[in-house]
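Next come the chains, spelled out residue by residue.
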Amino acid sequence: MISSLRGKLIYSEKDFAVVECGGVGFRCNIGFNTFSKLPAVNSEIFLHTYMSVKEDAIDLFGFLGIDELECFKMLISVSGVGTKMGIALLSEFAPDKIMLCIATGDAKSLTSASGVGNKLAQRIVLELKDKVSSVSISNDNSVANIVTATDNSNLKEAVAALVTLGFAQSEATMAVGRLDQSLSTEDMIKGALKELSRRV
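Residues numbered from 1 in each chain as written. Predicted model: local features only at pLDDT ≥ 70, side-chain atom pairs only at ≥ 80, totals over all residues. Heavy atoms only, no water.

(A) Seen up close, the side chain of Thr83. The residue Thr83 is located in helix α3 (residues 83–92) in this model. Contact partners of Thr83, with chain neighbours within four places excluded, come to Tyr50, Ser52, Lys54, Phe61, Phe72 and Ile76. (Helix = DSSP H or I, 4+ residues; strand = E, 2+ residues; numbered from the N terminus. Contact = heavy atoms within 4.5 Å.)

(B) Spatial organisation of the packing of aromatic side chains. Within the structure shown, the criterion is met by five aromatic pairs. Ring geometry for Tyr11 versus Phe16: centroids 5.8 Å apart, planes at 35°, classification tilted. Given the relative accessible area of 39%, Tyr11 is considered partly exposed. Here Phe16 falls in the buried class, since its relative accessible area comes to 9%. Their ring planes at 70° and their centres at 5.5 Å tell us that Tyr50 and Phe72 sit as a pair that is edge-to-face. Of the two residues, Tyr50 sits in strand β4 (residues 44–53) while Phe72 sits in helix α2 (residues 66–75), which places them 22 residues apart along the sequence. Classification of Tyr50 by relative accessible area gives partly exposed; the value is 23%. These aromatic residues form a ring-pair network of at least three members: Tyr50, Phe61, Phe63 and Phe72. (Phe/Tyr/Trp six-rings, centres within 6.5 Å; stacked < 30°, edge-to-face > 60°. Buried < 20%, exposed > 50% of the residue type's maximum accessible area, 1.4 Å probe, protein only.)

(C) Summary view of the nonpolar core. Core analysis: the biggest nonpolar cluster contains 30 residues, and Leu75, Leu89, Ile98, Leu110, Ile124 and Leu128 have the highest contact counts within it. Contributions of two or more residues to this core are made by β5 (58–63), α2, α3, α4 (95–103), α5 (107–110) and α6 (118–133). In terms of residues, this core owes the most to one element, α6, which gives six residues. Setting aside residues no more than four positions away along its own chain, Ile124 makes contact with Leu75, Val78, Val81, Leu89, Ile102 and Leu110. (Core = buried A, V, L, I, M, F, W, Y, C linked by side-chain atoms within 4.5 Å.)

(D) Main features of the packing of α2 against α3. At a closest axis distance of 9 Å, the pairing of α2 and α3 adopts a crossing angle of 135°. Our classification of the angle between α2 and α3 gives oblique. In the crossing of α2 with α3, the sense of the turn from one axis to the other is right-handed. Two secondary-structure elements touch here, α2 through Glu68, Cys71, Phe72 and Leu75 and α3 through Thr83, Gly86, Ile87, Leu89 and Leu90. In the contact of α2 with α3, the residues fall into six nonpolar, two polar and one charged. (Axes fitted to C-alpha atoms, helices over the stretch in contact; angles between N-to-C directions. Parallel < 35°, antiparallel > 145°, perpendicular 65-115°, else oblique. Left-handed = near helix turned anticlockwise from the far one by under 90°. Nonpolar A, V, L, I, M, F, W, Y, C, P; charged D, E, K, R; others polar.)

(E) Quick peek at the sheet that holds strand β3 (residues 24–29). The mixed closed barrel is built from five strands, whose spatial order is β1-β2-β3-β5-β4. Neighbour to neighbour, the strand axes of the sheet diverge by 55° on average, direction disregarded. On the sheet, α2 packs against β4 and β5 and is oriented at approximately 10° with respect to β4. Contacts between α3 and the sheet are confined to β3, β4 and β5, with β5 contributing the most and set at about 15° to the helix. (Pairing = 2+ DSSP bridges.)

(F) Highlighting the pairing of strand β1 (residues 4–13). Both β1 and β4 contribute to a ladder of five bridges, which runs antiparallel. When the sheet's bridge partners are listed, Lys8 is paired in β4 with Glu44. Pairing geometry for β1 and strand β2 (residues 16–21), over five bridges, is antiparallel. Across the sheet, the residue bridging to Leu9 is Val19, located in β2. Connecting β1 to the antiparallel partner β2 that follows it, the hairpin turn spans two residues.

(G) Quick look at the pattern of salt bridges. By the definition in use, this model includes three salt bridges. Here Lys73 makes a salt bridge to Glu70, at a shortest N to O gap of 3.5 Å. Taken together, the residues span about one helical turn, with Lys73 and Glu70 both in helix α2 at a distance of three residues. Judged by relative accessible area, which is 35%, Lys73 ranks as partly exposed. For Lys190, the salt bridge goes to Glu186, with nearest N and O atoms at 3.4 Å. Of this pair, Lys190 and Glu186 both sit in helix α10 (residues 185–199), separated by four residues, roughly a single helical turn. (Salt bridge = Lys/Arg side-chain N within 4 Å of Asp/Glu carboxyl O.)

See the structure below:
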């Protein structure tokens, strides 16, 4: 099993990179987020890898960050999500964003990834929600608020109001999660709208 590669990047395209290690070039399938952070050709590179072995193919998938690899492995554990779909999701979203969508039940946002329909997005959220709530999504305190404040009715009402206004559930929940959880629903909505307007 090949779990990582360290060598020279000799070629890359948006969906794969070739890393030379000891005179052998290893082709790794990559997502766009990894591609956008690759160093220049002929530079040294380190990739975390996942090796997929099937009857008709052996494929390597490369990730610059361990968080991407762990997110990928979690995604492909879902029935109906293969390696191609996992890479498509990580091309569309950073790992933290995927985890946030799952933690907040925001299946709709996941459908913006190529090939991910509504039913599959809902299955991803359903099968992974418990796993995501037990792992650290990021160092942002707002994420901890999101995962732990499920009994906060003001938070729920504020998020519902923002979703009605057209914001994605995950971004609405993130914005509300950054606020003082003792605020009234109205103040949460106002504060979240200010937060969201800064990002536009």
